[in-house]
Amino acid sequence: MRHSTFAARAEAATARLQSLTGLDIHGHVSGLSGLAVDLAGLAHHTAVGDRIALAARDGRSITAEIVGFAGQTARAMAFGTAEGIGPGAIATARLNRHGATLPVDTTWIGRVIDPLGRPLDRKGPLPKGPTPRPLRAPPPEATSRARLGPRIDLGVRALNAFATCRAGQRLGLFAGSGVGKSTLLSMLARRTDCDVVVLALVGERGREVREFLEDDLGAEGLARAVVIVATSDSPPLMRREAAYAALTVAEHFRDLGQRVLLLMDSVTRYCLALREIGLAAGEPPATRGYPPSVFADLPRLLERAGPGPDGTPGSITAFFTVLVEGDDHNEPIADAVRGILDGHVVLDRRIAEAGRYPAIDILRSLSRAVPGCNTQAENALSRRARALLALYSDVADIVRLGAHRPGADPAVDEAIRLAPRIEALLRQSRDEATGIEPTFAALAEILGPAETTAS
């Protein structure tokens, strides 16, 4: 009887401890240099990632986050401007077990929010879900994760035929500036066969956000999307948090059994924010100025997308854009992302300058899931079309110079005859959508019946 009473009291005490919201610990600002704020009195009570509140001279409370330590001094960065923060300013840390969370709710569909879950669309308050989700959730365990689902219709002919995507797959969109990346994202957001779209605009130009929402995404795309925005003038913590918030929102709908399309523009700006944070925290610069933590955080973020735990019907199909500096597709971020994801789509400036949109270079793009999601005949069609385009690319200069003699090489003659028709198939306006089966049927018609039966 005494043992039973003790067990009940211990269980009640444990429940009581778990229900505590946290304990406030106070420190003060001991220094400020650049983006970093040094804090005294918190080193023994806080950890990296903890949120704190800084009291400005004008009475404002500025949210900040612990990003590192130097001896007994905690180092933090603010989610907003640090103006008004001076020596001795009070820093308050609320200790709890949960860390940073986001109260995601299904009613967020159709809304535009900031990385902290505050509305940006002037549509009123944002409802809070009953169970806040942690922003730094780990990816599902590799051995218990579900496999990729069936192929999904992206509505874009070049992708459906030459980079076919499966539910839960993660692909990178590699592009320089001004080659139609935003237009392609809007086509995916409006035409992909999915239940919910989560769109993260990380470091986007402030002027272009409204244009993208109203002109490119439109009311049709926004009606089934949750948009997280952190513009280029936002502090690095806000730009980094936009990526975490997008994955958290996507995981919420995935766990409800829905097919989620995650679009993040861009991973490069997310890494630039990580670089600013790492350097401010005292990390040494390494590859092209990126500290080592950038390449440690990158896979932890990208691996959160994909299929859920085994038995979960929902999935996160993701497209992450990568801004290649100077059209260098081997720069560190592009190289790291390409090695993590399940495929890559390359947008080429020369194709865009020639007037063919989307400017997808199918010879340099691939989906690692293609062999397992298309039929043998469809795979044969795409291989044959690639071979023809590659051969035509090799002899294009000779043809332009008039040095090609018809009949000398039947394969070259076929490439010259069919490549322009394949290119015409790849050309698509942003308001046009074509399914997977019609795309392969059109490709089979171009190549002829003999090619459709190739194995």
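Structure's up top.
Rules of the game
Residues numbered from 1 in each chain as written. Predicted model: local features only at pLDDT ≥ 70, side-chain atom pairs only at ≥ 80, totals over all residues. Heavy atoms only, no water. Buried < 20%, exposed > 50% of the residue type's maximum accessible area, 1.4 Å probe, protein only. Helix = DSSP H or I, 4+ residues; strand = E, 2+ residues; numbered from the N terminus. Pairing = 2+ DSSP bridges. Phe/Tyr/Trp six-rings, centres within 6.5 Å; stacked < 30°, edge-to-face > 60°. Lys NZ or Arg CZ within 6 Å of the ring centre and 35° of its normal. Core = buried A, V, L, I, M, F, W, Y, C linked by side-chain atoms within 4.5 Å. Contact = heavy atoms within 4.5 Å. Axes fitted to C-alpha atoms, helices over the stretch in contact; angles between N-to-C directions. 1 Å grid on protein atoms, 1.4 Å probe; cavity = no way out; pocket = protein on both sides within 12 Å on 5 of 7 lines; lining within 4 Å. Points joined across faces, edges and corners; volume = space filled by probe spheres on them.

Peer 1: Help me understand the pairing of strand E12 (residues 170-175), please; the structure alone is not making it clear to me.
Peer 2: Side-chain positions along a regular strand alternate between the two faces of the sheet. Of all six residues in E12, six are buried, a share of seventy percent or more. Every second residue of E12 is oriented toward a common face, with Arg 170, Gly 172 and Phe 174 on one face and Leu 171, Leu 173 and Ala 175 on the other, all of them buried. Inspection of the sheet shows E12 paired to strand E17 (residues 315-323) by six bridges, in the parallel sense. Pairing of Gly 172 across the sheet is with Phe 320, part of E17. Pairing analysis gives three bridges linking E12 to strand E18 (residues 343-346), with the strands arranged parallel. Residue pairing in the sheet places Leu 173 in a bridge with Val 345 of E18.

Peer 1: Can you walk me through the packing of aromatic side chains in this structure?
Peer 2: The geometry of two aromatic rings is summed up by the distance between their centres and the angle between their planes. The tally for this structure, following the rule as stated, stands at two aromatic pairs. Between Tyr 244 and Tyr 270 the ring centres are 6.2 Å apart and the planes differ by 80 degrees, which places this aromatic pair in the edge-to-face class. Here Tyr 270 lies in helix H6 (residues 267-280) and Tyr 244 lies in helix H5 (residues 236-255), a separation of 26 residues in the sequence. For the pair Tyr 244 and Tyr 270, one class covers both residues: buried. A centroid spacing of 6.1 Å and a plane angle of 75 degrees characterise the contact between Tyr 290 and Phe 295, whose relative ring orientation is edge-to-face. The class for Phe 295 is partly exposed, based on a relative accessible area of 30%. The residue whose ring lies beneath Arg 275 is Tyr 290, and the NZ or CZ to ring-centre distance is 4.5 Å.

Peer 1: Honestly, the nonpolar core in this entry has me stumped. Any pointers?
Peer 2: One broad trend across soluble globular proteins is that nonpolar side chains are buried collectively. Formed by 58 residues in total, the largest nonpolar core has its most connected members in Leu 188, Val 227, Leu 263 and Ile 360. Leave out the neighbours within four places in its chain, and Val 227 touches Arg 111, Val 112, Ile 113, Leu 199, Leu 201, Leu 213, Leu 217 and Leu 222. Listed in part, the 47 residues of the second largest apolar core include Leu 102, Ala 246, Phe 253 and Ala 318.

Peer 1: How should unusual backbone geometry be read in this particular structure?
Peer 2: The bulk of non-glycine residues show a negative phi, and the bulk of peptide bonds are trans. With an omega of 5 degrees, the peptide bond running from Asp 265 to Ser 266 counts as cis. Secondary-structure assignment places Ser 266 in the loop between strand E15 (259-265) and H6. Omega for the bond connecting Tyr 357 with Pro 358 falls within 30 degrees of zero, at -5 degrees, which places this linkage in the cis form. Along the polypeptide, Pro 358 turns up in the loop between helix H9 (349-353) and strand E19 (366-367). Unusually for a residue other than glycine, Arg 122 sits at a positive phi of about 55 degrees. Positionally, Arg 122 belongs in the loop between strand E8 (112-113) and strand E9 (133-134). Arg 122 gets classed as exposed once you look at its relative accessible area, which sits at 77%. Despite not being glycine, Arg 288 shows a phi value in the positive range, around 50 degrees. With respect to the element layout, Arg 288 can be found in the loop between H6 and helix H7 (292-302).

Peer 1: Got a minute to help me understand the sheet that holds strand E2 (residues 36-40) in this structure?
Peer 2: Note: strands within a sheet are paired through backbone hydrogen bonds, in either parallel or antiparallel orientation. Strand order in the closed barrel made by the six strands is E1-E2-E5-E4-E3-E6, with antiparallel pairing throughout. Adjacent strand axes in the sheet meet at a mean angle of 45 degrees, parallel and antiparallel pairs treated alike. Pairing analysis gives five bridges linking strand E3 (residues 51-55) to strand E4 (residues 61-70), with the strands arranged antiparallel. Within the sheet, the bridge partner assigned to Ala 53 lies in E4 and is Thr 63. Across the sheet, H5 touches E3, E4 and strand E5 (73-78), and the angle it forms with E4 is around 90 degrees.

Peer 1: Would you take a moment to explain empty space enclosed by the protein for this structure?
Peer 2: The probe, sized like a water molecule, is rolled over the atoms to show the empty space still left. Enumeration over the complete set of coordinates arrives at one cavity of 30 Å³ or more. In this structure, the largest cavity encloses a volume near 40 Å³. Ile 152, Ala 167, Thr 192, Asp 193, Cys 194, Arg 259, Val 260, Leu 261, Ser 315 and Thr 317 are the residues that line the largest cavity. Elements with a minimum of two residues in the lining of the largest cavity: E15 and E17. For the lining of the largest cavity, the element with the highest residue contribution is E15, accounting for three residues.

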